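Close look at the chain arrangement
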Amino acid sequence: MSEASPHAVHHAAPTGFIRKYVFSLDHKIIGLQYYALALVAVVTGMMLSWLMRIHLIAPNWPIPGLQFLSKVGAPGGVMTPEYYLSLMTMHGTLMVFFVLTNAPFAAFGNYFLPLQIGAEDMAFPRFNMMSFWTTFIAFCILISAFFVGDGPPLAGWTAYAPLSAVGKDSGPGEGLGQTLWALSIFVFCIASLLGALNFIATTLDLRTKGMTLARMPIVTWAWFITSCIALLAFAVLMPACLLLILDRVGGTSFFIPSGLNISDHIQPHQGGSPLLWQHLFWFFGHPEVYIAILPAIGIVSHILINSMRKPMLSNKVIIYCMMGIGFLSYMVWGHHMFLSGMNPFSALVFSFPTLMITIPATIMTLIWLGSLYGSNLRINAASLFCLGFISMFVSGGVSGFFLAQPSIDIYLHATYFVVGHFHMVMGVAAIFGIFAGTYFWFPKMTGHMMNETWGRLHFWFTFIGTYCIFMPFHYLGLAGNVRRYSAFTDDFLVPLLPVHKFITYSALFTGAAQLIFLCNLIYSRFKGPQATANPWEATSLEWSTPSSPPPFDNFGGQHPVVYHDPYQYGVQSSTADYLMQTSPERAGETP
Amino acid sequence: MGGKIFAVLVIVIAIASAVPIISHTFLGASVTPPEDISTHGAEIDKQLDETMVEAGLSFLAAQFVLGFFVWQFGGRKAGPLKNFPGGAKYLVLAAVLLVGAEAIALGALGTKAWARVYFQPASADALPIQVQAGQFAFYFRYAGPDGKFGVIHPEKIDEGNSNFFGLDPENDIPARDDITSGELVIPANKEIHLMMHAKDVGHSFYVRELRIQQDFVPGLDLSLHFTATKVGKYEIVCTQLCGLGHYNMKAYLNVMSQDDFDKWLKAQSQ
């Protein structure tokens, strides 16, 4: 690496197909690779949720073709209870790791973080390539669990020990499938650690002239803060997975106590603690929620400012709130474990900071709402998804207020209320952020515009559909409907079946509506109208590249110089109502 | 146009979301906690109700404001920009003071309900019952006339011969009169001291009507205490993913009058 200038190109432009598109060092290609991988994962994950939803309302109905996925798990197309749990485990794992971590953070972050700070690439392009391909290997390992002897693991994405640790005795899927799961997550952690280090180094070292930390766009801050969280979180999950693998194949007993009689076999383990796994897992697991949502918060704020044509009431407050959430996220993991058998006094210690997270979350919501007031809000697919995000963030956020309280958790823990809560706030809200980012940045990434009418249609269907799916989850939870059941045979659950039917139909509809997006994405990539360099009249550096998509070295051999804060909107200038960060012009009076 | 549609939609969705909560029913199904049959549950219900009011109002307020602002400013012809009166400062202040106060108040109030279940041990005259969770059934054990439980030997568990707990009556005198049951039979209005252990993997004990939920952790002996107030039969379900039969792992809680319970217990020990 050159010592002379932090902006020096670390590597020459590749010429061959393999080095250009496959083993590429270019952060833009790597970003697109992450996006493509997330797309494959999200389609797979969604299909799995369809299968689960269909099974829940028609447990005996043979799903055509399912027997080809697993002869044992779905004989004649009828899913067995254990196969339901396997699909649920794979759905959760795919979505949390390969979609919600990959798309808003690794995909968009890789593509736009260097652009937004005026760098020519990431600080460590080879590490960057390695992160993606390591993630890809993790993905392949996980998917391979579908095709091994007794199928994918059934212990859930949280893989609670000893169910996940003792091997075959505890049930089908707990053989090789569970080992592959642990290995996949272990490899994924390595990739994420490399990625996070790279993001941090890039942000701190490669900012162009004039790009002070305070002049970074909110979304750049979001990726930076997320990287710091990821660095600490994955660093805990990685050794935890290693210990789990050792328990499974190495005969150790980190998570397995003595005297367990499983399937009439006394297990040859002693001295371990199942709670240790829960602590290690949730010490990662809770920050992981913010790894998913903070980039979406950044993306939405960034796009909303552009759409409103005026800055937020305060950028700084939003950035401080993100930092505050990141900090608090390490003090709350125990709220997943109120009823786990840990000391009941510690529930209060974990409950308090959890309730406190409401404060930065509320501040951000109020800033978004207050900023909408008096704006010239442009309505398009990207901004609609931002508005939808705010709505979802609120809906999913308020239910957190219930679960943060140990006393209420006694009733609502492990019910569909929890499922509704996290799907709305970290699932749907984060995915709305991904959609907003896609509609907004697609012109820069491909050089083509996406179809606006289809985009809006996609939003209306998705917005209504996701509410129809996830709001009723809360009602089910209030009625005490337990989660992770493959069928509802209990007397008190049978009357709730109409609600489940409604949810399944909504899920089928909403999932099908995503075809609009997929078609739009593929069609526009090839046939969409040519995009100009700055179609949204935006201010930040990603829009000052000479072309869309940007040339290999991003700024065509130039080093952009930054003169302004990131969001000079609603100003009097020679261009229009905005000033780009690279424009040396001084703004007239802001209104 | 899109802005107006969004505004209407978000408000309609907010109201539609609130209706089942207020009416307690959705598509003909009751979507509210069932009647409470415990002495401690009223406090949990009260906490749930208060949180519902505060969270519900915040939810409605935020969605309405979002709708109004998007209606007013969404897609309008570019006009002079305005800033929210007072700017960020008052919004931050409001969030910190209002939400902070709300959070502290709710947190403090909720502590009482939590403490009633978890901070006091069971009283000395509570009826001790042992519960064992295993793939995929609960078994309950009463100490019998001698008031002592026999020692558990995991390797002696033999479901075929109904030795669910792995007792050794030949060598262990207290084990001889222990009563084992697949149903949790308890007297009403008497405190129950439930001693919980898992045979194999993690499980959980959940009775909606009792407002009780507690995980079983292999290797840990946990205990729980409660008093049921209403005679009847209720479902105990497992809420911690335990394997393929998880959805079907249940038992019944049978709350009887003290007389009926005494008769039942006597019949069992013969």
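Computed from a predicted model, the values in this text were never measured in an experiment. (Residues numbered from 1 in each chain as written. Chains lettered and ligands numbered in written order. Predicted model: local features only at pLDDT ≥ 70, side-chain atom pairs only at ≥ 80, totals over all residues.)

Helix and strand content of chain B: 4 helices and 12 strands. The C-alpha atoms of chain B give a radius of gyration of 26 Å, which is well past the 18 Å a tight globule of 270 residues would have. Along the longest, intermediate and shortest principal axes, the C-alpha atoms of chain B span 90 × 35 × 35 Å. Of all 270 residues assigned to chain B, the portion counted as buried reaches 42%. Residue pairs at least 24 apart in sequence account for 70% of intrachain contacts in chain B once pairs closer than 6 positions are excluded. (Helix = DSSP H or I, 4+ residues; strand = E, 2+ residues; numbered from the N terminus. Rg over C-alpha atoms; globule rule 2.2 N^0.38 Å. Buried ≥ 20, exposed ≤ 12 C-beta atoms within 10 Å, placed from the backbone. Contact = placed C-beta atoms within 7 Å.)

Along chain A, the regular secondary structure elements total 15 helices and 4 strands. The C-alpha atoms of chain A give a radius of gyration of 24 Å, which matches the 25 Å a tight globule of 591 residues would have. Projected onto the principal axes, the alpha-carbon positions of chain A cover approximately 80 × 50 × 50 Å. The buried share among the 591 residues of chain A stands at 64%. Pairs at least 24 apart in sequence give 78% of the contacts found in chain A among residues at least 6 apart.

Our focus in this paragraph is unusual backbone geometry. All names here are of chain A. The omega torsion across alanine 161 and proline 162 is 5 degrees, close enough to zero to call that bond cis. Summarising the element assignment, proline 162 is placed in the loop between helix H5 (125-144) and helix H6 (176-205). Between serine 548 and proline 549 the backbone carries a cis peptide bond, its omega angle lying at -10 degrees. With respect to the helices and strands, proline 549 occurs in the loop between helix H15 (497-527) and strand E3 (568-569). Despite not being glycine, arginine 484 shows a phi value in the positive range, around 60 degrees. Tracing the sequence through the fold places arginine 484 in the loop between helix H14 (452-478) and H15.

The next point concerns the domain arrangement of chain A. Residue and element names in this part refer to chain A. Assigned domains within chain A: domain 1 (27-257 + 268-272), domain 2 (327-529) and domain 3 (534-591). Look at where the C-alpha atoms of domain 1 and domain 2 centre, and you get two points 19 Å apart. On the domain 2 side, the residues contacting the 23 residues of domain 1 number 20 residues. Of all the secondary structure elements, the ones that give two or more residues to the side of domain 1 that touches domain 2 are helix H2 (27-57) and helix H4 (81-116). For the side of domain 1 that touches domain 2, the residue count by class is 19 nonpolar, 3 polar and 1 charged. (Domains from an automatic or database assignment. Nonpolar A, V, L, I, M, F, W, Y, C, P; charged D, E, K, R; others polar.)

What follows concerns the interface of chain B and chain A. Listed as interface residues are 93 residues of chain B and, on the opposing side, 95 residues of chain A. For the side of chain B that touches chain A, the elements supplying multiple residues, two or more each, are helix H1 (2-23), strand E2 (29-30), helix H2 (41-73), helix H3 (87-118), strand E8 (203-207), strand E9 (212-216) and strand E11 (232-237) of chain B.

So, about the pairing of E8(B). Residue and element names in this part refer to chain B. The buried count for E8 comes to 5 of 5 residues, which makes it a mostly enclosed element. Taken together, the 5 bridges between E8 and E9 define a ladder with antiparallel strand orientation. Bridging from a neighbouring strand, histidine 203 pairs with phenylalanine 216 of E9. Counting the residues between successive antiparallel strands, the hairpin from E8 to E9 contains 4 residues, one of them, arginine 211, with a positive phi of roughly 55 degrees. (Pairing = 2+ DSSP bridges.)

Membership of the largest hydrophobic core comes to 280 residues, with the highest contact counts inside it found for Ile293(A), Ile367(A), Phe385(A), Phe389(A), Ala429(A) and Ala436(A). It is H4(A) that contributes the most residues to this core, 22 residues altogether. If near-sequence neighbours (up to four positions away) are discounted, Ile367(A) is found in contact with Met312(A), Leu313(A), Ser314(A), Val317(A), Ile318(A), Ala88(B) and Leu91(B). (Core = buried A, V, L, I, M, F, W, Y, C linked by C-beta atoms within 7 Å.)

To continue, consider the environment of Ser258(A). All names here are of chain A. Relative to the helices and strands, serine 258 resides in the loop between helix H7 (218-250) and strand E1 (261-262). Distance from serine 258 to asparagine 102, taken between C-alpha atoms, is 39 Å for residues 156 residues apart in sequence. Ignoring any residue separated from it by four or fewer positions in sequence, one finds serine 258 in contact with His269, Gln270 and Gly271.

Moving on: the domain arrangement of chain B. Residues and elements named next belong to chain B. We note that the domain assignment places domain 1 (2-77 + 84-118) and domain 2 (127-269) within chain B. One C-alpha centre belongs to domain 1, the other to domain 2, and the line joining them spans 39 Å. Each partner contributes to the interface: domain 1 provides 10 residues, whereas domain 2 provides 10 residues. Of the residues assigned to the side of domain 1 that touches domain 2, the class counts are 4 nonpolar, 4 polar and 2 charged.

Residue and element names in this part refer to chain A. Running from N to C, helix H10 (residues 344-372) and helix H11 (residues 381-403) point in directions that differ by 155 degrees, and their axes come no closer than 11 Å. Our classification of the angle between H10 and H11 gives roughly antiparallel. As H10 runs across H11, the sense of the crossing is left-handed. Counting all contacts with H10, which are made through Thr358, Ala361, Thr365 and Trp368, the residues of H11 involved are Ile390, Phe393, Val394, Gly397 and Phe401. The residue inventory of the contact of H10 with H11, partitioned by class, reads 6 nonpolar, 3 polar and no charged. (Axes fitted to C-alpha atoms, helices over the stretch in contact; angles between N-to-C directions. Parallel < 35°, antiparallel > 145°, perpendicular 65-115°, else oblique. Left-handed = near helix turned anticlockwise from the far one by under 90°.)

Inspection of the secondary structure puts Pro584(A) in the segment after strand E4 (578-579). Along the primary structure Pro584(A) and Ser573(A) are separated by 11 residues, whereas in three dimensions their C-alpha atoms are 11 Å apart.

Residues and elements named next belong to chain A. Running from N to C, helix H8 (residues 274-308) and helix H9 (residues 315-328) cross one another at 175 degrees; their axes reach a closest spacing of 11 Å. Considering the angle they form, H8 stands roughly antiparallel to H9. On H9, the residues touching Tyr290, Leu294, Ile297 and Ser301 of H8 are Ile318, Met322, Ile325 and Gly326.

This part covers the sheet that holds strand E10 (residues 222-227) of chain B. All names here are of chain B. The strand order across the open sheet built from 5 strands is E5-E4-E3-E7-E10, with neighbouring strands paired in mixed fashion. Single-partner strands in this sheet number two, and they are strand E5 (179-181) and E10. Each strand axis lies, on average, 25 degrees off the axis of its neighbour in the sheet, ignoring direction. Pairing geometry for strand E4 (residues 137-142) and E5, over 3 bridges, is antiparallel. Each bridged residue has a counterpart across the sheet, and for tyrosine 142 the counterpart in E5 is isoleucine 179.

Take H3(B) next. One full turn of an α-helix is made of 3.6 residues, so residues set three or four places apart face in the same direction. Spanning 32 residues, H3(B) covers 45 Å between terminal C-alpha atoms, matching the ideal 46 Å at 1.5 Å per step. The largest bend along H3(B) reaches roughly 25 degrees and is located at Lys112(B). (Expected span 1.5 Å × (residues − 1). Bend = angle between axes of the 7 residues up to and from the residue.)

Right, let's get into the environment of Val394(A). Following the sequence through the fold, Val394(A) ends up in helix H11. Judged by the 27 C-beta atoms lying within 10 Å of it, Val394(A) is buried. For the pair Val394(A) and Gly73(A), spaced 321 residues apart in sequence, the C-alpha separation works out to 39 Å. Filtering out sequence-adjacent residues up to four positions away, Val394(A) remains in contact with Thr365(A), Phe59(B), Ala62(B) and Gln63(B).

Turning our eyes to something else, we now look at H14(A). Residues and elements named next belong to chain A. Compared with an ideal rise of 1.5 Å per residue, which puts 27 residues at 39 Å, H14 spans 39 Å between its outermost C-alpha atoms and is within 8% of the ideal. Summarising burial for H14: 19 of the 27 residues are buried, a large majority. Where H14 ends, the next residue or the one after it, glycine 480, has phi of about 85 degrees, a positive value.

This part takes up the confidence of the model for chain A. Looking at chain A, pLDDT values average 93 and 97% of them are 70 or higher. Here residues 1-8 of chain A is modelled with pLDDT under 50, and outside its nearest four sequence neighbours on either side it reaches 8 contacts, counting other chains as well. (pLDDT = per-residue confidence, 0-100.)

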